[in-house]
Every structure is written in structure tokens, then in C-alpha cells.
Amino acid sequence: PPFRAPNRPPIMAGVVRLLLDDGCRLRELDLRANELDAACGNELAEALRTNRTLRSLRVGDNKLATGGHAICEALRTNFSLRYLAIDRNGLTSEAGEMLGRSLRQGNQTLQELDISHNELGERGGTNVAMGLIINSSLIKLDIGSNQLGHKVEEDLRSAWQWQVVGKAPPNGAKPVRPVGLHI
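Computed from a predicted model, the values in this text were never measured in an experiment. (Residues numbered from 1 in each chain as written. Predicted model: local features only at pLDDT ≥ 70, side-chain atom pairs only at ≥ 80, totals over all residues. Heavy atoms only, no water.)

A. Broad picture of helix H4 (residues 93–104). Spanning twelve residues, H4 covers 16 Å between terminal C-alpha atoms, matching the ideal 16 Å at 1.5 Å per step. Of all the residues in H4, the buried ones are Ser93, Ala95, Gly96, Met98, Leu99, Gly100, Ser102 and Leu103. In this structure, the buried residues of H4 make contact with helix H3 (66–74), strand E5 (112–114) and helix H5 (121–134). (Helix = DSSP H or I, 4+ residues; strand = E, 2+ residues; numbered from the N terminus. Expected span 1.5 Å × (residues − 1). Buried < 20%, exposed > 50% of the residue type's maximum accessible area, 1.4 Å probe, protein only. Contact = heavy atoms within 4.5 Å.)

B. Unusual backbone geometry, seen in detail. The residue alanine 33 is not glycine, and still its phi comes out positive at about 55°. Checked against the element boundaries, alanine 33 lands in the loop between strand E2 (28–30) and helix H2 (38–50). Owing to a relative accessible area of 35%, alanine 33 belongs among the partly exposed residues under this scheme. With phi around 55°, glutamate 35 is a residue other than glycine that occupies positive phi space. Along the chain, glutamate 35 turns up in the loop between E2 and H2.

C. Layout of the packing of H3 against H4. Where H3 contacts H4, the axes come no closer than 7 Å and their chain directions differ by 10°. When the axis of H3 is compared with that of H4, the two are roughly parallel. Counting all contacts with H3, which are made through His69, Ala70, Cys72 and Glu73, the residues of H4 involved are Glu94, Ala95, Met98, Leu99 and Ser102. Looking at the contact of H3 with H4 residue by residue, the classes come out as five nonpolar, two polar and two charged. (Axes fitted to C-alpha atoms, helices over the stretch in contact; angles between N-to-C directions. Parallel < 35°, antiparallel > 145°, perpendicular 65-115°, else oblique. Nonpolar A, V, L, I, M, F, W, Y, C, P; charged D, E, K, R; others polar.)

D. Just the pattern of salt bridges, in detail. Tallied over the full model, the rule gives eight salt bridges. A salt bridge links arginine 32 to aspartate 30, with the shortest nitrogen-to-oxygen separation between them at 2.4 Å. By relative accessible area, arginine 32 is classed as partly exposed at 37%. Between arginine 49 and glutamate 73 there is a salt bridge, and its shortest N-O distance comes to 2.9 Å. Of the two residues, arginine 49 sits in helix H2 while glutamate 73 sits in helix H3, which places them 24 residues apart along the sequence. Under the relative-accessibility criterion, arginine 49 is labelled partly exposed at 25%. Each of Glu46, Arg49, Glu73 and Arg76 takes part in salt bridges that share partners, so that together they form one network. (Salt bridge = Lys/Arg side-chain N within 4 Å of Asp/Glu carboxyl O.)

E. How the structure looks around the side chain of histidine 69. Within the element layout of this structure, histidine 69 appears in helix H3. The buried category is assigned to histidine 69, whose relative accessible area is 4%. In terms of polar contacts, histidine 69 uses its side chain to reach the backbone amide nitrogen of threonine 92, at 3.2 Å. If near-sequence neighbours (up to four positions away) are discounted, histidine 69 is found in contact with Leu91, Thr92, Glu94, Ala95 and Met98. (Polar contact = N/O pair within 3.5 Å; in protein donor to acceptor, adjacent residues only side chain to side chain.)

The values are spatial; any link to function lies outside them.
The structure is reproduced here in C-alpha cells:
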């Protein structure tokens, strides 16, 4: 079973120390609804940059804000995380930019991502779509309830299925991903 922190942010020092330890064998970490703030998110991001064992991280329903942006950026150098739930954290378009960059410039291990119920907006959603053009590791993405707008939603669908935003698939082409997109 995953390690579940008690409902208080002071646990962060121990969690970060554990994640940074060379002997860390922790594979799942559930920190949902712990009132974690931006500073906690920044600490987690720092640990994610070097940790090579964590496979699943749930940090939904917190107050990470800019700390969540740092977690999205840390995915560029983290090649162990397969599942990330960072929903309901007040993330803005900057998180979408960092996530899109991470998906384009390095991360090919993340398979499931829940970034729903944030405030990515059109700019953040467009950056995620651009990341999907290059990244083919994601098989499940929940990006719903982010004020994306109709065009960005269409771009995301196109990038998800064909990895080419704004172009029709070639005749007879098959989608590169299974249906696992929720907008």
C-alpha cells in the first residue's frame, strides 16, 4: 500500500528526506488533501528531480499553486514516475507551459496524468497539446475543468489521437493512443 501522510504539512521534511535518500525504495506516495502549499510543492519538485524509485504520486486537493508548477517542470528530469495526480491545486497556465515542455523535452515515462480542476486556461492547454505531439508515453490524461476553450479542446483531441495538432490524419492511419483522454 502507498505511504499516506497524516493531515499536516510538517511531514514534508521527512518525506523529502526519504525521497532524496539513495536507499529509498518508496514506489507510491499519497499526499492528497494535506493542505500542502507552494513551498511543499517546491520541496517535492526538488526531490523528484533526483529520485529514481517513486512510480506514483498523488498530491491532488491541496494548495500547491506555483509549487505544482515546479512539480510539472521536474518531470523533465524524472524518469521513474508513471502516475501523477495533481488535480485541484490552483495550477495556472504556467503549469501547463512547464508540463508541455516536460512532455516535449525529456519525459517519456509518465503514463497517467490527472491535472483536472485547475486553471490552465487556453495558453496552458495549448502547451500541453504541443507536448502531446512529441510525447507518446501518456496513455491516460484527465485535463477536464480547466477553462480550455473549444479550439484548445480540439487541439488536445487531435494531439492525443494523432500527435499532429491541426492536421487531419492520413488515410487509413490508426490512433497512436488508446482512448484515455478526459477533457
